[in-house]
Amino acid sequence: MTDHHALFDPMLQDLSDRSRDEVLAAFSAVQYAAHPVAEVQLAGLRDVTLRRQVQRMLKLIGRTLVHVDGTHWTAGYDDDIAASLAAQGWQPLSVIDRAVLVLVLIHSVAIPRSEGILTSDSWKSARPTTVDELRTTRISGEERRLALQRLRAAGLIQLSGDHSGGPSYIPGPQLQRLTPAARRRLQDQLILAAAPASPIAEAIRARHGVPVEVGEEA
């Protein structure tokens, strides 16, 4: 936070000491916490006026507030900033890491959603992806193991609670940083890849007018 103070001071200088502390605490929480932060825990998120200040601070660094489950908040890239970074070819994940992440999301989210098993608009899934489902002829066992480690460290996937059949994986908390527009694009892509002939896929194609290519968001 120290490095950002000079950037934020002009918009915080008129706040009381207490309000300033609450805004800074909320900013730090949504920006750096591993999981979305409960609104009730911080006045800087509960109070609409203070939350607006947090949003202004985030905008200065290309970020935006993301509402999760109606009761929690986190921060993610602003849609325009994300589009600009993508246009410049910015991609923090390797090809193998992206492939493994997409497989986890297809098996734990896209397939259950296309089958009507998962209906909520979130990354929460009770249908973990097993190691067997991650096996492909193009990714070796060692490459897959290392990719899973990197994705877990990045918070993009996590181990499920049930280890009775061996390790299995579900989406991680970092995916909740996606804005609603980014989340819809990625979910559409995953459904088109997982169940291209499903009614949901047909509705997606009709809505977009043209097929959506997989891998754009991952």
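Scroll up to find the structure this text is about.
If you're wondering where the values come from, they're calculated on a predicted model, not measured in any experiment.

Structural notes on the packing of aromatic side chains
Here is step 1: All chains considered together, the criterion is met by two aromatic pairs.
Here is step 2: Residues Phe 8 and Phe 27 carry aromatic rings whose centres are separated by 5.1 Å and whose planes lie at 65 degrees to one another, so their mutual orientation is edge-to-face. Here Phe 8 is found in helix α1 (residues 5–12), whereas its partner Phe 27 is found in helix α2 (residues 17–32), with 19 residues between them in sequence.
Here is step 3: Since its relative accessible area comes to 0%, Phe 8 is described here as buried.
Here is step 4: Taking the centre distance of 5.9 Å and the plane angle of 70 degrees together, the rings of Tyr 77 and Trp 90 count as edge-to-face. Here the residue Tyr 77 occupies a position in strand β3 (residues 72–77), and Trp 90 occupies one in the loop between α5 (79–87) and α6 (95–114), the gap between them amounting to 13 residues.
Here is step 5: On the basis of relative accessibility, which here comes to 37%, the residue Tyr 77 falls in the partly exposed class.

What about the sheet that holds β3?
Here is step 1: With antiparallel pairing, the three strands of this open sheet are ordered in space as β1-β3-β2. In the strand order of this sheet, the two ends are held by β1 (37–38) and β2 (63–68), each with one partner.
Here is step 2: In this structure, β2 lies alongside β3, joined through six bridges in antiparallel fashion. In the strand pairing of β3, His 67 is matched with Trp 73.
Here is step 3: Sheet strands in contact with α2 are β1, β2 and β3, and its direction is about 65 degrees off that of β3.

Topic: the side chain of Ser 108
Here is step 1: Counting through the fold element by element, Ser 108 comes out in helix α6.
Here is step 2: A polar contact of 2.6 Å, which involves the side chain of Ser 108, links it to the backbone oxygen of Val 104.

Considerations on the pairing of β3
Here is step 1: As judged from the two bridges shared by β1 and β3, these two strands associate in the antiparallel manner. Residue Val 37 lies in a different strand from β3, and its bridge partner there is Trp 73.
Here is step 2: The loop that links β2 with its antiparallel partner β3 comprises three residues; one of these, Asp 69, has a positive phi angle of about 60 degrees.

A word on α6
Here is step 1: Taken as a whole, α6 carries its principal kink of about 45 degrees at Ile 106.
Here is step 2: When you tally the buried positions in α6, you get 15 out of 20 residues, the bulk of the element.
Here is step 3: A positive phi of about 80 degrees marks Gly 116, the residue just after α6.

What to know about the sheet that holds strand β6 (residues 168–171)
Here is step 1: Spatial strand order, β4-β6-β5: three strands in an open sheet with antiparallel pairing. Pairing within the sheet leaves two strands with one partner each, and these edge strands are β4 (129–130) and β5 (157–159).
Here is step 2: Relative to β6, β4 is paired through two bridges, and the arrangement is antiparallel. Along β6, the bridge assignment pairs Thr 129 with Tyr 169.
Here is step 3: Where helix α8 (residues 141–153) meets the sheet, it contacts β5 and β6, and its direction lies at approximately 100 degrees from that of β5.

Parameters and conventions
- Residues numbered from 1 in each chain as written.
- Predicted model: local features only at pLDDT ≥ 70, side-chain atom pairs only at ≥ 80, totals over all residues.
- Heavy atoms only, no water.
- Phe/Tyr/Trp six-rings, centres within 6.5 Å; stacked < 30°, edge-to-face > 60°.
- Helix = DSSP H or I, 4+ residues; strand = E, 2+ residues; numbered from the N terminus.
- Buried < 20%, exposed > 50% of the residue type's maximum accessible area, 1.4 Å probe, protein only.
- Pairing = 2+ DSSP bridges.
- Contact = heavy atoms within 4.5 Å.
- Axes fitted to C-alpha atoms, helices over the stretch in contact; angles between N-to-C directions.
- Polar contact = N/O pair within 3.5 Å; in protein donor to acceptor, adjacent residues only side chain to side chain.
- Bend = angle between axes of the 7 residues up to and from the residue.

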